[in-house]
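Below are the chains, spelled out letter by letter.
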Amino acid sequence: MAFSWKRNLYVLWLGVFFCSSAYSISIPFIPLFLHNELGVDSHLELWSGFAFGITFLASALIAPYWGSLADKYGRKPMLIRSGYSLAVLYLLTFFIHNPYVFLVLRVFQGLLAGYVPASIALVATNTPEKQTGYALGIMATASATGGIVGPVLGGLVSHLTSNREAFLFSAGVVLVAALIATFFVHEENYDRKAKRSPIRDDLKTAWANRTFVTLLGLVGLSTFSVMILEPLITVYVLELGSNTSDASLQSGLVFSAVGIATLIAAPQWGRIGGKIGYVKVLVIGLLGGGIGNLLQFFVGHYAEFGGLRFVYGLFFAGVYPALNAMIVKVTDADFRGRAFSLNQSSTQLATMLGPIIGGALGGWIPIRWVFVLNGCMLILSAMLLLLRRRRLEEGAPEGGGKKVAGATNE
């Protein structure tokens, strides 16, 4: 097991890195692709928002089904299914010339996604309990690294060729992730003979575990707090005095600051969580993220903004590894694939809603006050988490009675 779990960790880190990079290479340039390649001239913002959000909605709705299959047939088949499907869909996008066909492909990208949550579930179920926090902290850096490298590669490819070729490049990169899953990932802990339960029963089981439901709420809230700022950061950089010609580069540096901080801090938070408890790490991460948001109200220059975003990222980097480790703690091994798929549903819904609400708030109130609202939301969440700390540390469902998805680990 010692060699196996470490090998899986390193291999799946690479797989998630390539999958996240493939996404970041082409998807941030959707507005340009719609305008330059597909001929969308009017209502470009609406087309872009719909093309972005519809994928996350489709993914959120289908995720429980894939989780059910993962617990029955294993997480590795889900990696293979998702990897090759996304490679084909990115390739098809390269050939299309109709914006409506593009929307259809974006729906299928959401329906067939799932590489990252399946990777996290596989690592969580095939890693010794005492190493779970460290392993999940390492996995958190894979997406962050892909999110840093991908836009740079995508911008370079688009600049040298076109936005259309960026999708072709994404297809090749995610194909590497699929090949990694096919030939190098090894999975042990799943029961082929287990009967696949209906999704309705899975939802009932999850709802009976109130501790797990609380964690899903925190996952959604944490993702929402990140995504609500997505449409506002570039505008805020302009408000802080950046020139229009330099705004893209400076905004990119601000965006990457959080990713770099995550790379540095996430593995350390995973180790710390194994020593002091993941609830404490989660509280620290939420408080640090909340205070960091509040302080961004006071910045007067984009360099200060980037530096503060980096410090914010050092604290907030502990949130997702802690949440993933706690989900492992409060769910049975044979339910874990479904647990992480429900986790994906929560993440995807928040990813869809965050930019919509953030954009609406940014048009209604000064952007500085959006940071204040966001910070207060995170601090309040940390305070509420402290009130439930004992129950979360025990891993017991709040509904009482039998522990439907108890705190057992292999």
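This text follows the structure it describes.
Parameters and conventions
- Residues numbered from 1 in each chain as written.
- Predicted model: local features only at pLDDT ≥ 70, side-chain atom pairs only at ≥ 80, totals over all residues.
- Heavy atoms only, no water.
- Helix = DSSP H or I, 4+ residues; strand = E, 2+ residues; numbered from the N terminus.
- Expected span 1.5 Å × (residues − 1).
- Buried < 20%, exposed > 50% of the residue type's maximum accessible area, 1.4 Å probe, protein only.
- Arc of directions from axis to C-beta.
- Polar contact = N/O pair within 3.5 Å; in protein donor to acceptor, adjacent residues only side chain to side chain.
- Phe/Tyr/Trp six-rings, centres within 6.5 Å; stacked < 30°, edge-to-face > 60°.
- Salt bridge = Lys/Arg side-chain N within 4 Å of Asp/Glu carboxyl O.
- Core = buried A, V, L, I, M, F, W, Y, C linked by side-chain atoms within 4.5 Å.
- Contact = heavy atoms within 4.5 Å.
- 1 Å grid on protein atoms, 1.4 Å probe; cavity = no way out; pocket = protein on both sides within 12 Å on 5 of 7 lines; lining within 4 Å.
- Points joined across faces, edges and corners; volume = space filled by probe spheres on them.
- Nonpolar A, V, L, I, M, F, W, Y, C, P; charged D, E, K, R; others polar.
- Axes fitted to C-alpha atoms, helices over the stretch in contact; angles between N-to-C directions.
- Parallel < 35°, antiparallel > 145°, perpendicular 65-115°, else oblique.
- Patch = residues over 30% accessible without salt bridge, like charges linked within 9 Å, V, L, I, M, F, W, Y side chains within 5 Å.
- Areas by Shrake-Rupley, 256 points an atom, 1.4 Å probe, with all protein chains shown as cover.

### Some points on helix H5 (residues 99–111)
Thought 1: With 13 residues, H5 extends 19 Å from end C-alpha to end C-alpha; this agrees with the ideal 18 Å at 1.5 Å per step.
Thought 2: Of all the positions in H5, only Pro 99, Phe 102, Leu 103, Leu 105, Arg 106, Gln 109 and Gly 110 are classed as buried. End-on, the buried residues of H5 take up no more than an arc of 165 degrees, which puts them together on one face.
Thought 3: The opening residue of H5, the one whose side-chain oxygen lies 2.7 Å from the backbone nitrogen of Tyr 100, is Asn 98.

### Some points on the packing of aromatic side chains
Within a pair of aromatic rings, the relevant descriptors are the distance that separates the centres and the angle that separates the planes.
Thought 1: Evaluation of the coordinates by the stated rule reveals 15 aromatic pairs.
Thought 2: On the numbers, 5.0 Å between centres and 80 degrees between planes, the contact of Phe 297 with Phe 298 is edge-to-face.
Thought 3: In this structure Phe 298 comes out as exposed when scored by relative accessible area, which is 62%.
Thought 4: Of the aromatic side chains, those joined through ring pairs into one cluster are Phe 33, Tyr 90, Phe 102 and Phe 167.

### A word on the pattern of salt bridges
Side chains that differ in charge, positive against negative, can pair when their charged atoms come close.
Thought 1: According to the stated counting rule, one finds two salt bridges in the structure shown.
Thought 2: Of the charged contacts in the structure, one is a salt bridge between Glu 37 and Arg 164, with a shortest N-O distance of 3.3 Å. Of the two residues, Glu 37 is situated in helix H2 (residues 30–37) and Arg 164 in helix H8 (residues 163–184); the sequence distance between them amounts to 127 residues.

### Examining the nonpolar core
Thought 1: Ranked by internal contacts, the top residues of the largest apolar core, which has 85 residues, are Leu 79, Tyr 90, Phe 102, Phe 212, Leu 282 and Leu 286.
Thought 2: Ignoring sequence-local partners within four residues, the contact set of Phe 102 consists of Ile 30, Phe 33, Leu 34, Leu 38, Ala 51, Thr 93, Ile 96 and Phe 167.

### Some remarks on empty space enclosed by the protein
Summary: where empty space remains is shown by rolling a probe the size of a single water molecule over the atoms.
Thought 1: Taken as a whole and judged by the stated rule, the model has one cavity of 30 Å³ or more.
Thought 2: Volume-wise, the largest cavity comes out at about 100 Å³.
Thought 3: Lining of the largest cavity is provided by 15 residues; of these, Met 78, Gly 114, Pro 117, Ala 118 and Ser 341 occupy positions nearest its centre.
Thought 4: Only helix H3 (44–73), helix H4 (75–95), helix H6 (115–125) and helix H16 (336–364) provide two or more residues apiece to the lining of the largest cavity.
Thought 5: In terms of residues, the lining of the largest cavity owes the most to one element, H16, which gives four residues.
Thought 6: Class assignment of the residues belonging to the lining of the largest cavity gives a composition of eight nonpolar, five polar and two charged.

### Describing the packing of H4 against H5
Thought 1: With their axes 10 Å apart at the nearest point, H4 and H5 run at an angle of 170 degrees to one another. Between H4 and H5, the crossing angle belongs to the class labelled roughly antiparallel. Of the residues in H5, those touching H4 at Leu 86, Leu 89, Tyr 90, Leu 92 and Thr 93 are Phe 102, Leu 105, Phe 108 and Gln 109.
Thought 2: Of the residues contributing to the contact of H4 with H5, the split by class is seven nonpolar, two polar and no charged.

### Examining a nonpolar patch on the surface
Thought 1: Taken together, Ile 272, Ile 276, Ile 284, Val 311 and Phe 315 make up a surface patch of nonpolar side chains, about 350 Å² in accessible area.
Thought 2: Within the residue set of the nonpolar patch, elements represented by two or more residues are helix H12 (247–276) and helix H14 (302–316).
Thought 3: With respect to the helices and strands, the residue Val 311 is situated in helix H14.
Thought 4: When its relative accessible area of 38% is taken as the criterion, Val 311 is described as partly exposed.

### Here's the deal with H8
Thought 1: Taking 1.5 Å per residue, 22 residues should reach 32 Å; H8 reaches 32 Å between its end C-alpha atoms and fits that length.
Thought 2: Looking only at H8, the buried set comprises Asn 163, Arg 164, Ala 166, Phe 167, Ser 170, Ala 171, Val 173, Val 174, Ala 177, Ala 178, Ile 180 and Ala 181.

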